[in-house]
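# A closer look at the structure
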Amino acid sequence: MKRTLLTMIILAPAALLAADYTIDTAHSSAQFSVKHLMVSNVKGEFGKVTGKAVWDPNNLAASSVEAVIDASTINTREPKRDEHLKSPDFFDVAKFPSIRFTSKKFYREGGALKIAGNLTLHGVTRAVVLNVDGPTPEIKDPWGNQRIGATASTKINRGDFGLTWNKALEAGGVMVGDEVAITLDIELTRQK
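Residues numbered from 1 in each chain as written. Predicted model: local features only at pLDDT ≥ 70, side-chain atom pairs only at ≥ 80, totals over all residues. Heavy atoms only, no water.

## Digging into the packing of aromatic side chains
For the structure on display, the rule yields 3 aromatic pairs. Measuring from centroid to centroid gives 5.8 Å for phenylalanine 32 and phenylalanine 46, while their planes differ by 45°, and the two rings are tilted. Taken together, the residues phenylalanine 32 in strand β2 (residues 29–36) and phenylalanine 46 in strand β3 (residues 40–46) connect sequence positions 14 residues apart. The buried category is assigned to phenylalanine 46, whose relative accessible area is 5%. An aromatic cluster is built from Phe32, Phe46 and Phe91, whose rings are joined through pairwise contacts. We note lysine 105 situated over the ring of tyrosine 107; from NZ or CZ to the ring centre the distance is 5.2 Å. (Phe/Tyr/Trp six-rings, centres within 6.5 Å; stacked < 30°, edge-to-face > 60°. Helix = DSSP H or I, 4+ residues; strand = E, 2+ residues; numbered from the N terminus. Buried < 20%, exposed > 50% of the residue type's maximum accessible area, 1.4 Å probe, protein only. Lys NZ or Arg CZ within 6 Å of the ring centre and 35° of its normal.)

## Here's the deal with the pairing of strand β9 (residues 124–133)
Direction of pairing for strand β8 (residues 112–121) relative to β9: antiparallel, over a ladder of 9 bridges. Each bridged residue has a counterpart across the sheet, and for glycine 117 the counterpart in β9 is valine 128. Remark: 2 residues form the turn of the hairpin made by β8 and β9, two consecutive strands paired antiparallel; histidine 122 in that turn has positive phi of roughly 60°. The sheet contact formed by β9 and strand β11 (residues 146–157) spans 3 bridges and is antiparallel. Of the residues in β11, the one forming a bridge with valine 132 is alanine 152. (Pairing = 2+ DSSP bridges.)

## Section: the confidence of the model for the chain
On average, residues of the chain carry a pLDDT of 89, and 91% of them reach 70 or more. Within the chain, the lowest mean pLDDT, 40, falls on helix α1 (residues 2–11), and the highest, 98, falls on β9. Predicted confidence for residues 1–15 stays below pLDDT 50, and this span has 6 contacts to residues more than four positions away or in other chains. (pLDDT = per-residue confidence, 0-100. Contact = heavy atoms within 4.5 Å.)

## Describing empty space enclosed by the protein
Per the stated rule, a full pass over the model turns up 1 cavity of 30 Å³ or more. Taken as a whole, the largest cavity encloses approximately 280 Å³ of empty space. In terms of lining residues, the largest cavity is bounded by 22 residues, among which Val65, Ile115, Ala150, Ile186 and Leu188 are the most central. When residues of the lining of the largest cavity are traced back to their parent elements, those giving at least two are β1 (19–23), β4 (49–55), β5 (64–70), β7 (98–109), β8, β9, β11 and β12 (176–190). When grouped by side-chain class, the residues that make up the lining of the largest cavity number 20 nonpolar, 2 polar and no charged. (1 Å grid on protein atoms, 1.4 Å probe; cavity = no way out; pocket = protein on both sides within 12 Å on 5 of 7 lines; lining within 4 Å. Points joined across faces, edges and corners; volume = space filled by probe spheres on them. Nonpolar A, V, L, I, M, F, W, Y, C, P; charged D, E, K, R; others polar.)

## Looking at unusual backbone geometry
Residue glycine 134 is joined to proline 135 through a cis peptide bond whose omega torsion reads 0°. Its location among the elements puts proline 135 in the loop between β9 and β10 (139–140). Even without a glycine there, the phi angle at arginine 77 is positive, about 65°. One can find arginine 77 in the loop between β6 (74–75) and α2 (79–86). Located in the positive-phi region is histidine 122, a residue other than glycine, with phi close to 60°. In this fold, histidine 122 is placed in the loop between β8 and β9.

## Looking at the environment of threonine 125
Within the element layout of this structure, threonine 125 appears in strand β9. Apart from the residues lying within four places of it in its own chain, the contact partners of threonine 125 are Asn118, Leu119 and Thr120. Within the local environment of threonine 125, its side chain forms a polar contact with the side chain of threonine 120, the two groups lying 2.7 Å apart. (Polar contact = N/O pair within 3.5 Å; in protein donor to acceptor, adjacent residues only side chain to side chain.)

## Brief notes about a nonpolar patch on the surface
Residues Leu37, Met38 and Val39 make up a contiguous nonpolar surface patch of roughly 290 Å² in combined accessible area. Looking at the element boundaries, leucine 37 is found in the loop between β2 and β3. (Patch = residues over 30% accessible without salt bridge, like charges linked within 9 Å, V, L, I, M, F, W, Y side chains within 5 Å. Areas by Shrake-Rupley, 256 points an atom, 1.4 Å probe, with all protein chains shown as cover. Salt bridge = Lys/Arg side-chain N within 4 Å of Asp/Glu carboxyl O.)

## What about the layout of surface pockets?
Approximately 600 Å³ is the volume attributed to the largest pocket. Lining of the largest pocket is provided by 33 residues; of these, Phe32, Val34, Leu85, Phe91 and Val180 occupy positions nearest its centre. By residue number, the principal contributor to the lining of the largest pocket is β2, which donates 6 residues. Among the residues making up the lining of the largest pocket, the classes are represented as 24 nonpolar, 4 polar and 5 charged.

As structure tokens, then:
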């Protein structure tokens, strides 16, 4: 019996065993969407996401992720708006240069993977839950590295993080909505 179990472990595909990964910054991003003037959504992204993860599909309690977003890389395709978003009215990137997510628990709910953790934004830390699509099966890239990918999403109230700048509209409502939809597209490389 012991020999059979040992043989199974040795022959098991690498993707079924726990592994350490690093976030591939060149192929990862964080996007957001927020209401503007109560009539449309403004979308933007942060171009630099770094971090690490441990993925153990057989023992979710052993899995973890830490992702750091460079707040100064914000891009909404409108330079004046980006400068305003970097200012003390919003992200205040001079004072708070990074946004960080640190997992506390991986779990399944109705078959879907969830990651509970702490999001630190604008110097405020709040508990959030990420809804995860993935991770994908591990693949071998052309350079011999093993990779996986995942998409995670959540919604936050920006006021909970001290991002309260706004302007009232003459016809009612506000210039910037409170709810922000966040999506993380992450590609990870297995550490050797």
